[in-house]
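Below, each chain spelled out in residue letters.
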Amino acid sequence: EVQLVESGGGLVQPGGSLRLSCAASGFTFSSYWIHWVRQVPGRGLVWVSRITPDGDSTYYADSVKGRFTISRDNAKNTLYLQMNSLRAEDTAVYYCARGTAGKPGVDYWGQGTLVTVSS
Amino acid sequence: QTVVTQEPSLTVSPGGTVTLTCASSTGTVTSGYSPNWFQQKPGQAPRALIYSTSNKQYWTPARFSGSLLGGKAALTLSGVQPEDEAEYYCLLFHDGAPVFGGGTKLTVL
C-alpha cells in the first residue's frame with residue numbers, strides 16, 4: 001500500500017525556519033517525482049515544489065523561490081522541505097504527493113501537516 | 001502569471017449529470033496541458049481522479065470521466081451520488097509548471 005506521511009509542521013514566528021519531512025512507503029521511492037502542495041485552510045490547492053527521482057533537479061513556485069528548498073534521501077525513502085524566512089502567508093497545510101508514473105500529474109497524497117507562521 | 005479558472009460552485013440532483021470545466025488564462029486547453037482532476041472532501045487530503053485528460057486512476061468510479069470541451073478541460077459526473085458532494089480541483093501543466101484551479105464546490109441536492 002502506497003503511503004506518504006508528512007511531519008514537522010507547527011507554529012513558527014515570522015522570519016523563522018522549519019523543515020518538513022515526508023516518509024514514503026509501499027513503492028519504489030527513488031523512481032518517482034515528488035511534489036509539495038499547500039492549502040490555506042478553507043482555500044484552494046497551490047503547487048509549491050517538485051523534485052526529480054534522483055534529486056538532481058528541483059522546481060519551485062515563484063512565491064517560495066529562494067526561501068524554500070526541496071530535497072530527498074532515497075536511501076531513507078524520505079522527502080524534505082526546508083522552509084526559511086517564513087511569512088504569515090506561508091501558513092497552510094502542506095501535502096506531499098507522488099508524481100504519476102510516466103505522466104505529468106499526481107496520484108497519491110499524504111494527509112498533510114499544518115504550518116502556522118505567527119508571532 | 002498563469003491563472004486556471006473553475007466554476008466556483010455547481011449544484012446537481014442525485015442521479016443527474018454535471019460537467020465541471022477548467023480554463024487557462026493562456027488560451028485553449030489541449031492534451032499537452034495534461035489535465036488532472038482531484039476530489040477533496042472536508043477534513044481530508046485530495047484524492048486523484050483523472051490524469052492526462054481522460055485516464056482514470058484505478059480507484060476512480062466509472063461515473064467520472066475527463067475530456068476536452070470547448071477549449072477547456074472537463075470533468076463529467078454521470079449518475080451523481082450523494083457521496084460525490086465535494087470540492088473538485090483541476091491541475092494543468094503550463095510548459096511543465098503545475099498550476100491548480102481555484103476549485104469547484106459541488107453540491108448534491
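Look up a bit, the structure's there.
Since we're looking at a predicted model, the values are computed, not measured.

A closer look at unusual backbone geometry
Right, on to step 1. Phi angles above zero are rare outside glycine, and Ser85 of chain A is one such case at about 50 degrees.
Right, on to step 2. Of note, Asp95 of chain B is a non-glycine position whose phi angle comes to about 50 degrees, a positive value.
Right, on to step 3. Residue Asp95 of chain B is classed as exposed on the basis of its relative accessible area, which comes to 87%.

As for the nonpolar core
All names here are of chain A.
Right, on to step 1. Among the nonpolar cores identified, the biggest contains 27 residues, and Leu20, Trp36, Phe68, Leu79, Leu81, Met83 and Tyr94 are the most heavily contacted of them.
Right, on to step 2. Looking at this core, the elements with two or more residues in it are β3 (18-25), β4 (34-39), β5 (45-51), β7 (68-73), β8 (78-83), β9 (92-99) and β11 (113-117).
Right, on to step 3. The dominant element in this core, judged by the number of residues it contributes, is β3, at four residues.

Let's talk about the pairing of β5 of chain A
Residue and element names in this part refer to chain A.
Right, on to step 1. A large share of β5 lies buried, amounting to six of its seven residues.
Right, on to step 2. Both β4 and β5 contribute to a ladder of six bridges, which runs antiparallel. Residue pairing in the sheet places Gln39 in a bridge with Leu45 of β5.
Right, on to step 3. Linkage of β4 to β5, two consecutive antiparallel strands, is achieved through a turn of five residues, within which Gly42 is found at a positive phi near 85 degrees.
Right, on to step 4. Of the strand pairs in this sheet, β5 and strand β6 (residues 58-60) are connected by three bridges, and their pairing is antiparallel. Paired with Arg50 across the strands is Tyr59, a residue of β6.
Right, on to step 5. Between β5 and β6, which pair antiparallel one after the other, the connecting turn spans six residues, and Gly55 there sits at a positive phi close to 80 degrees.

Some words on the sheet that holds strand β8 (residues 72-78) of chain B
Hydrogen bonds between backbone groups are what pair the strands of a sheet, and the pairing can be parallel or antiparallel.
All names here are of chain B.
Right, on to step 1. Spatially, four strands are ordered β1-β3-β8-β7 in an open sheet, and the strand pairing comes out antiparallel. The open sheet has two edge strands with one neighbour each: β1 (4-6) and β7 (64-69). Taking the axes of each pair of neighbouring strands and ignoring which way they run, one obtains an average angle of 20 degrees across the sheet.
Right, on to step 2. Pairing between β7 and β8: six bridges, direction antiparallel. Among the inter-strand pairings, Phe64 is bridged to a residue of β8, identified as Leu77.

Looking at the environment of Glu89 of chain A
Right, on to step 1. Take Glu89 of chain A: it is sitting in the loop between β8 and β9.
Right, on to step 2. Along the chain, Glu89 of chain A and Val117 of chain A lie 28 residues apart, while their C-alpha atoms are 7.7 Å from each other.

Thoughts on the state of the cysteines
All names here are of chain A.
Right, on to step 1. For the coordinates displayed, the defined rule picks out two disulfides over all chains.
Right, on to step 2. Across a sulfur-sulfur distance of 2.1 Å, Cys22 and Cys96 are joined as a disulfide pair. Between Cys22 and Cys96, the disulfide has an S-S torsion of 65 degrees and is therefore right-handed. Here Cys22 is found in strand β3, whereas its partner Cys96 is found in strand β9, with 74 residues between them in sequence. Both residues of the pair, Cys22 and Cys96, count as buried.

Some details on the environment of Thr19 of chain B
Residue and element names in this part refer to chain B.
Right, on to step 1. Within the secondary structure, Thr19 is located in strand β3 (residues 17-24).
Right, on to step 2. A C-alpha to C-alpha distance of 11 Å links Thr19 and Leu68, two positions 49 residues apart in sequence.
Right, on to step 3. In this structure, Thr19 is in contact with Leu10, Leu69, Ala74, Leu75 and Thr76, ignoring residues within four places of it in sequence.
Right, on to step 4. Separated by 3.0 Å, the side chains of Thr19 and Thr76 make a polar contact.

Overview of the interface of chain A and chain B
Right, on to step 1. Taken together, the 20 residues of chain A in the interface contact 20 residues of chain B.
Right, on to step 2. For the chain A and chain B pair, buried surface summed over both sides reaches about 1,500 Å², with 64% attributable to carbon and sulfur atoms.
Right, on to step 3. Area buried by chain A at its contact with chain B is led by Leu45, Pro104 and Trp109 of chain A, which between them contribute 34% of it.
Right, on to step 4. Taken together, the elements giving at least two residues each to the side of chain A that touches chain B come down to β4, β5 and β10 (106-109) of chain A.

Cut-offs used in this document
- Residues numbered from 1 in each chain as written.
- Chains lettered and ligands numbered in written order.
- Predicted model: local features only at pLDDT ≥ 70, side-chain atom pairs only at ≥ 80, totals over all residues.
- Heavy atoms only, no water.
- Buried < 20%, exposed > 50% of the residue type's maximum accessible area, 1.4 Å probe, protein only.
- Core = buried A, V, L, I, M, F, W, Y, C linked by side-chain atoms within 4.5 Å.
- Helix = DSSP H or I, 4+ residues; strand = E, 2+ residues; numbered from the N terminus.
- Pairing = 2+ DSSP bridges.
- Axes fitted to C-alpha atoms, helices over the stretch in contact; angles between N-to-C directions.
- Disulfide = S-S within 2.5 Å.
- Contact = heavy atoms within 4.5 Å.
- Polar contact = N/O pair within 3.5 Å; in protein donor to acceptor, adjacent residues only side chain to side chain.
- Buried area = accessible area lost by both parts, 1.4 Å probe.

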